[in-house]
Structures are given as structure tokens and as C-alpha cells.
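This is what each chain is made of:
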Amino acid sequence: LPVKEELSEGDKELYYDLVMAKVELNHYGYSENKYYKMQIVQDPSKDLFVLVTNWGRVGDGGGQKQETPFGSRSEAVTEFGKIFKSKSGNKWEDYEASAFKPQLGK
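Let me sum up the structure you'll find in this document. (Residues numbered from 1 in each chain as written. Predicted model: local features only at pLDDT ≥ 70, side-chain atom pairs only at ≥ 80, totals over all residues. Heavy atoms only, no water.)

A word on helix α1 (residues 73-88). Between the first and last C-alpha of α1 there are 22 Å, a value that for 16 residues agrees with the 22 Å anticipated at 1.5 Å per step. Every buried residue belonging to α1 is among Ala76, Phe80, Gly81, Ile83, Phe84 and Ser88, and all of these are buried. Directly beyond the C-terminal end of α1, a positive phi value near 80° is found at Gly89. (Helix = DSSP H or I, 4+ residues; strand = E, 2+ residues; numbered from the N terminus. Expected span 1.5 Å × (residues − 1). Buried < 20%, exposed > 50% of the residue type's maximum accessible area, 1.4 Å probe, protein only.)

Structure, rendered in C-alpha cells:
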């Protein structure tokens, strides 16, 4: 489930920053605890927006990390939304509107 969503104080733009967790107590005879972190950060020196993702199993020592640069904020936000949908089964816009619904297996 998403944990953090904030508005910046200066220009009131939405920060794209979240942590999702998936816990299944009976997954083929063992428990499954996974996490997925996602954040969009701006690199003003290169005029880029970077989608930073980090995922793995809880307790495995850091998991995997990827940093994907985009030339515009809208491109990064679009990719953020696609990943959010694939991982949660919900649209990012629905989460913003407090319409998030847990999906079985997500």
C-alpha cells in the first residue's frame, strides 16, 4: 500500500514518492514479504527527471535498484503511473482521489 504522498510548499506540485508492501502468509507453504519503492526526483544540473525504483524481499539486504532518466516531468509521471498500476492493480489517479482498492495477488 502507498505510504507517502505530499505537496511541496512552494509551487504545490505533487511529490511522487511511495512504498508498497506485499505480504502473503500462505504462499506455496512459506510466507512472502516483498516491497517496492518508487520516487521521481529532479536533477536540475542535467534538466532530467529520474524515476528511482527499489524492490526486493524484506530482510534480503537491499534488493534491486534502478534509476531511469526522463527528459520531462510528464514522461516520468506516466511511467510512474504504469508501474503503480502493474504493482497495485489501481490507477495512480484513483489513489490520489482516495479510491484505492486492494487487489488480490497485488
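The subject of this paragraph is the nonpolar core. Judged by nonpolar contacts, the single largest core of 15 residues is most densely connected at Leu18, Met38, Ile40, Leu51, Phe80, Phe84 and Trp92. Elements with a contribution of two residues or more to this core: β1 (17-27), β2 (30-43), β3 (48-57), α1 and α2 (92-96). Among the elements that make up this core, the one with the highest residue count is α1 (four residues). (Core = buried A, V, L, I, M, F, W, Y, C linked by side-chain atoms within 4.5 Å.)

Below, the discussion takes up the pattern of salt bridges. For the coordinates displayed, the defined rule picks out one salt bridge. Here Glu67 and Lys65 are joined by a salt bridge, their closest N and O atoms 3.3 Å apart. (Salt bridge = Lys/Arg side-chain N within 4 Å of Asp/Glu carboxyl O.)

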